Every structure is written in C-alpha cells, then in structure tokens.
Amino acid sequence: MQHLAMKAAAAAILVGAGTGAMKTPDAPDIPRDALNPMIGGQAMLTDDNIFDNTIKSPEHTKLAAAIRASGLESMLKTNGPYTVFAPTDAAFAALPRAEQTALADGAKDRVAKEVRYLVVPGRLDSQTLLKRINDSGGEAKLKTVEGGTLTAMLNGPTNIALVDERGDVADISIYDVYQSNGVIQVVDHALMPR
C-alpha cells in the first residue's frame, strides 16, 4: 500500500509539473496537461464541479451523502476554488461508531461542520502543497472553511500527509483530481475537527 501511495505521489508531482496552466473563468489554474486519475474505475472530469465528481465516485458515497445532508451541495457546485480532502467510504467506516452514527443519522449541524472541515479555500494541488510545506519549514497550516486547521507535512520524500486537530493522520492516496471549481485530494482516513 505504501508503494502505491509513493507511486501516486510521484505521478502527482509529474502531473503538477506541467507546461503551464489553462485559465478559464470556470476553471482557473488547471494545468494544461492535467489528466485526472480515475477513482474506483470512474472518470473524474475537469469540466465537472466538486460535487458532481464526488457523486460519481463509487469510493465516496458516504462523503456525497454527508455533503447533501449538510446542505453544502450548492457551495461545492458553484463557488470556488476549493480543495476538498475527500475521505473514502473505507475511511469513514474506520471512524469510531459514534462518528459513523452521526453521519448516518444526518445530524445536519454536526455533519455540516465535519464536511466544512474537509474543505480549504483555494486550488491546492500537490505542487502547491509541497511548496507551502517547504516554504513553512516542513509543516503548512491550512485554514478550513469551517474555521479549523489542517496541518500538511511530508510522510517520506514525496508523500503528503495531513494531521487534523485531534492528531489523527491521513495520507493523500490519490492526488490532484482537478475540478472546474477546485481540486479533490483523496485521503485514506477521515479528518475531523476538534
């Protein structure tokens, strides 16, 4: 698994090191040569927004349900750019039972807080994250839409990890899934606010 994460990181660095960026009103700063990775065998289109690509992903059904339950669907369809650190269904399944129950019950305020904690303003692709980490001496603090903080750091020479306010760590397992209104970074653990 670690080998696959390293390969994904290397691929992300190669993808992010393109020959320039395509700028349009709907999709600023998407690298011209961006080829989105597939998620669960499903194509993720750069012309689609964050929410529309999330609901297509067979690995993000719980995240899509949480976005709907929280009332943040329209924000992730129209505004941006945003970066979403998107836990897979397996990551949500690894949460303690109380957290899973809250998500399943659709407690709107709590779910909205947890979803907003996964969203950071701006298009933070792997190259941008690596630059912020390096410029900050090894740890970059990312302010979430919810108002909390995620800490990005390297886990090995190229793998980017995130630490939430509880001290839990998630690795980015699929890098740089570009959207018309941002980018999705797939993570292997659910990140939660304090």
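None of these values were measured; they are calculated from a predicted model. (Residues numbered from 1 in each chain as written. Predicted model: local features only at pLDDT ≥ 70, side-chain atom pairs only at ≥ 80, totals over all residues. Heavy atoms only, no water.)

Time to look at the confidence of the model for the chain. Per-residue confidence for the chain gives a mean pLDDT of 83; residues scoring 70 or more make up 79%. Per-residue pLDDT stays below 50 along residues 1–28; that stretch engages in 48 contacts with residues further than four places along the chain or on separate chains. (pLDDT = per-residue confidence, 0-100. Contact = heavy atoms within 4.5 Å.)

Further remarks concern the pairing of strand S5 (residues 139–143). Here S5 shows a clear split, with Ala140 and Leu142 buried on one side and none of Glu139, Lys141 and Lys143 buried on the other. Relative to strand S6 (residues 149–154), S5 runs antiparallel, the two sharing five bridges. Its bridge partner lying in S6, Leu142 is registered against Leu150. Counted along the chain from S5 to the antiparallel partner S6, the turn is five residues long, and its residue Gly147 has a positive phi close to 105°. (Buried < 20%, exposed > 50% of the residue type's maximum accessible area, 1.4 Å probe, protein only. Helix = DSSP H or I, 4+ residues; strand = E, 2+ residues; numbered from the N terminus. Pairing = 2+ DSSP bridges.)

In this section: helix H8 (residues 126–135). Residues of H8 that are buried include every one of Ser126, Leu129, Leu130 and Ile133, and no others. The buried residues of H8 occupy one face: seen down the axis, they fall within an arc of 100°. Opposite the buried face of H8, by more than 90 degrees, sit the exposed residues Lys131 and Asp135. (Arc of directions from axis to C-beta.)

This part is about the nonpolar core. Core analysis: the largest hydrophobic core is formed by 43 residues, its most contacted members being Leu76, Phe85, Leu129, Leu142, Leu162, Ile172 and Leu191. In terms of residues, this core owes the most to one element, strand S8 (residues 169–179), which gives five residues. (Core = buried A, V, L, I, M, F, W, Y, C linked by side-chain atoms within 4.5 Å.)

As a further point, take the packing of helix H3 (residues 61–70) against helix H7 (residues 108–117). It is at 8 Å that the axes of H3 and H7 come closest, and there the two elements cross at 120°. Viewed along their axes, H3 and H7 adopt a mutual orientation that is oblique. H3 and H7 meet at a crossing whose hand is left-handed. Along the contact surface, H3 presents Ala66, Ile67, Ala69 and Ser70, while H7 presents Lys108, Val111, Ala112 and Val115. Within the contact of H3 with H7, the residues separate by chemical class into six nonpolar, one polar and one charged. (Axes fitted to C-alpha atoms, helices over the stretch in contact; angles between N-to-C directions. Parallel < 35°, antiparallel > 145°, perpendicular 65-115°, else oblique. Left-handed = near helix turned anticlockwise from the far one by under 90°. Nonpolar A, V, L, I, M, F, W, Y, C, P; charged D, E, K, R; others polar.)

Positionally, Val187 belongs in strand S9 (residues 182–187). You can call Val187 buried: its relative accessible area is 0%. Spatially, the C-alpha atom of Val187 lies 6.1 Å from that of Phe85, the residues being 102 residues apart in sequence. Apart from residues lying up to four places away in sequence, Val187 is in contact with Phe85, Ala86, Pro87, Thr88, Ala91, Leu162, Ala170, Asp171, Ile172 and Ser173.

Turning to the side chain of Asp89, a few remarks are in order. Of note, Asp89 is situated in helix H5 (residues 89–93). The side chain of Asp89 is buried and forms no salt bridge, while Lys62, the nearest opposite charge, is found at 5.9 Å. (Lys, Arg positive; Asp, Glu negative; His and termini not counted. Salt bridge = Lys/Arg side-chain N within 4 Å of Asp/Glu carboxyl O.)

The residue Ile67 is located in helix H3 in this model. Taking the relative accessible area as the measure of exposure, Ile67 reaches 1% and is therefore buried. Along the sequence, Ile67 and Thr54 sit 13 residues apart, while their C-alpha atoms lie 9.4 Å from each other. When near neighbours in sequence (up to four residues on either side) are disregarded, Ile67 contacts Phe51, Thr54, Leu72, Glu73, Leu76 and Val115.

This part covers the sheet that holds S9. Read across the sheet, seven strands follow the order S4-S3-S9-S8-S7-S6-S5 without closing on themselves; strand pairing throughout is mixed. The outermost strands of the open sheet, each flanked by one partner alone, are strand S4 (119–121) and S5. Ignoring strand direction, the axes of neighbouring strands in this sheet form an average angle of 30°.

Bringing the pattern of salt bridges into the picture now. Pairs can form between side chains of opposite charge once their charged atoms are near each other. Per the stated rule, a full pass over the model turns up four salt bridges. Here Glu73 ties to Lys77 by a salt bridge, and the two come within 3.7 Å at their closest N and O atoms. Here Glu73 and its partner Lys77 are both found in helix H4 (residues 73–78), four residues apart, which amounts to about one turn of the helix. Take Glu73: its relative accessible area is 25%, and that puts it in the partly exposed class. Residue classification places Lys77 among the partly exposed residues on the basis of a relative accessible area of 34%. Across the pair Lys131 and Asp135 runs a salt bridge whose closest N-O atoms are separated by 2.7 Å. Of this pair, Lys131 and Asp135 both sit in helix H8, separated by four residues, roughly a single helical turn. The class of Lys131 is exposed, set by a relative accessible area of 52%. Classification of Asp135 by relative accessible area gives exposed; the value is 57%.

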